Amino acid sequence: MMAKYPLQHGPYRAPAVQPGDLIDCVRYEGPVCVGGFTRAPIPWPLVEDCGRPQLVLTGDLLRALAQEQTKAVAWWWGVSDQTVRNWRTLLGIEPGPPGNRPWQEGELALVRDATLTAAEVAARTGRTPDAVYLQRGKAGVQGRKAKAFPWTEAHDARIRERYHTARAALLAEIGCSDKLLRERARQLGLALRPHRMVLPPRPWLPEDDAELAGMAQLTARAAAERLGRTASAVTQRRIALRARAGGGS
């Protein structure tokens, strides 16, 4: 394949998983169920979040985010430049070849200054607050917490409405760090995402299995829409039914 934006530090390979497998994702801070793959130059596993497929942030994708140009990551993983920038903001990764630009001694002195908040250090160094948090974690420095962030009722209403569906947009609108947004969401009782909530699973009844069997020609997403379930749940059930049929033969 003739690459429009060549990768400088590859090769990069997708995780060896199949739909229905569990894989760790740093976005959700734990394992998620693979619901399918992208059709990008580097096919990548997807997880369904509030009905929208999202790339699993794991493995070589994290390495590429730290080492490659924004347009190269966007082209090879089939996303927009803004999505790559949002991922880097979420992870505290500074853009630029070959990846994180080195921290200068003057910047590190500000990082070690416990009287400054991460936002203040970020403003003085041109870094993101999350990058400062990561560097302070390495140095064992807590720093002064930004307890005086001016949260308002309007902020809280927007967080309740959009935290699970438009987190990157919220960060830009409110102007706080991702860490502060997560802390506020936890205070508002939004710490768990819908697909991570511990709820009793909806059982598969014999009539459900029969109906699913009649949808063999449909994709998992199409079958899920008809059954009122998630595509991941349909994929896992199909795998279970195939295993049961194979064991009984």
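Predicted, not measured: the structure shown is a model, and the values here were computed from it.

## Re the overall build of the protein chain
On a plain count of helices and strands, the protein chain comes out with twelve helices and five strands. Within the span of the protein chain, comprising 249 residues, buried residues form 41% of the whole. Long-range contacts, defined here as pairs at least 24 residues apart, represent 54% of the contacts in the protein chain between residues at least 6 apart.

## Re the pattern of salt bridges
Applying the stated criterion across every chain yields a total of six salt bridges. Across the pair Glu-105 and Arg-112 runs a salt bridge whose closest N-O atoms are separated by 2.6 Å. Of the charged contacts in the structure, one is a salt bridge between Asp-208 and Arg-229, with a shortest N-O distance of 3.3 Å. Residue Asp-208 is found in helix 10 (residues 206-213), and its partner Arg-229 is found in the loop between helix 11 (220-227) and helix 12 (231-248); the two are separated by 21 residues along the sequence. Each member of the pair, Asp-208 as well as Arg-229, carries the same accessibility label: buried.

## Structural notes on the environment of Leu-61
Residue placement: Leu-61 occurs in helix 1 (residues 59-67). The exposure class of Leu-61 is buried, given its relative accessible area of 0%. Measuring from C-alpha to C-alpha, the distance between Leu-61 and Ala-14 comes to 8.1 Å, with 47 residues separating the pair along the chain. Setting aside residues up to four positions removed in sequence, Leu-61 forms contacts with Trp-44, Leu-55, Val-56, Val-73, Trp-77 and Trp-87.

## With respect to the packing of aromatic side chains
Within the structure shown, the criterion is met by three aromatic pairs. Where Trp-44 meets Trp-77, the ring centres are 5.7 Å apart and the plane angle is 70°; that geometry is what we call edge-to-face. Of the two residues, Trp-44 sits in the loop between strand 3 (36-37) and strand 4 (45-49) while Trp-77 sits in helix 2 (residues 70-77), which places them 33 residues apart along the sequence. Both residues of the pair, Trp-44 and Trp-77, count as buried. Judged by centre distance (5.1 Å) and plane angle (80°), the ring pair of Trp-75 and Trp-76 falls under edge-to-face. The side chain of Arg-229 reaches across the aromatic face of Trp-204, ending 3.8 Å from its centre.

## Overview of helix 10
Every buried residue of helix 10 is accounted for by Asp-208, Asp-209 and Leu-212. The buried residues of helix 10 occupy one face: seen down the axis, they fall within an arc of 100°. Residues of helix 10 that are exposed and point more than 90 degrees away from the buried face comprise Pro-206, Ala-210 and Ala-213.

## Quick word on the nonpolar core
One finds Val-32, Leu-55, Leu-61, Leu-65, Val-73, Trp-77 and Trp-87 to be the most contacted residues of the largest nonpolar core, which totals 26 residues. Those elements that provide at least two residues to this core are strand 1 (22-25), strand 4, helix 1, helix 2 and helix 3 (81-91). Top element by residues in this core is helix 2. It accounts for four residues. When neighbours within four sequence positions are excluded, Leu-65 is seen to be in contact with Val-73, Val-84, Trp-87, Arg-88, Leu-91 and Ile-93. Counting residues in hydrophobic clusters, the runner-up holds eleven residues, among them Ile-174, Leu-181, Ala-185 and Leu-190.

## Some points on the confidence of the model for the protein chain
When pLDDT is averaged across the protein chain, the result is 77; 84% of the residues are at 70 or more. For the protein chain, per-element mean pLDDT is lowest for helix 6 (residues 129-139), which scores 73, and highest for helix 10, which scores 89. Low confidence marks residues 194-199, where pLDDT is under 50. Its contacts with residues over four positions away, or in another chain, come to eleven contacts.

## A few points about the pairing of strand 1
Of the two faces of strand 1, the one holding Ile-23 and Cys-25 is buried and the one holding Leu-22 and Asp-24 is not buried anywhere. As judged from the four bridges shared by strand 1 and strand 2 (residues 30-33), these two strands associate in the antiparallel manner. Each residue of the ladder has a partner; that of Ile-23, found in strand 2, is Val-32. Counted along the chain from strand 1 to the antiparallel partner strand 2, the turn is four residues long, and its residue Glu-29 has a positive phi close to 55°.

## So, the side chain of Arg-184
Among the secondary structure elements, Arg-184 is positioned in helix 9 (residues 178-187). What Arg-184 contacts, discounting residues up to four positions off in sequence, is Trp-151, Asp-156 and Ile-159.

What counts, and at which threshold
- Here, residues in each chain are numbered from 1, in the same order as that chain's written sequence.
- With pLDDT at 70 or above as the cut-off, local features in this predicted model cover only qualifying residues; side-chain atom pairs require 80 or more to be listed or tallied, and sums for whole chains, interfaces and linings still use all residues.
- Derived side-chain values reflect all non-hydrogen atoms in the structure, with water molecules and hydrogen atoms excluded from consideration.
- Where helices and strands are cited, they refer to DSSP runs of H or I of at least four residues and of E of at least two residues respectively, numbered from the N terminus.
- The cut-offs for exposure are 20% and 50% of the maximum accessible area for each residue type, with area from a 1.4 Å probe on protein chains only; residues under the lower value are buried, those over the upper are exposed, and the others partly exposed.
- For this analysis, residues touch if any pair of their heavy atoms sits within 4.5 Å.
- Within this document, salt bridges are pairs made up of a side-chain nitrogen of Lys or Arg and a carboxyl oxygen of Asp or Glu, the two lying within 4 Å of each other.
- Stacked, edge-to-face and tilted are the three classes for Phe, Tyr and Trp ring pairs, Trp counted by its six-membered ring, which pair at centre distances within 6.5 Å; planes under 30 degrees apart are stacked, over 60 edge-to-face, the rest tilted.
- Working rule: Lys NZ or Arg CZ, within 6 Å of ring centre, within 35 degrees of ring normal, means a charge sits over the ring.
- Relevant arc is that of directions from the helix axis to the C-beta atoms, nothing else.
- Residues belong to one nonpolar core when they are buried, are Ala, Val, Leu, Ile, Met, Phe, Trp, Tyr or Cys, and are joined through side-chain atoms within 4.5 Å.
- Scored between 0 and 100, pLDDT is the confidence that the predictor attaches to each residue.
- At least two bridges found by DSSP between two strands are what make those strands a pair.

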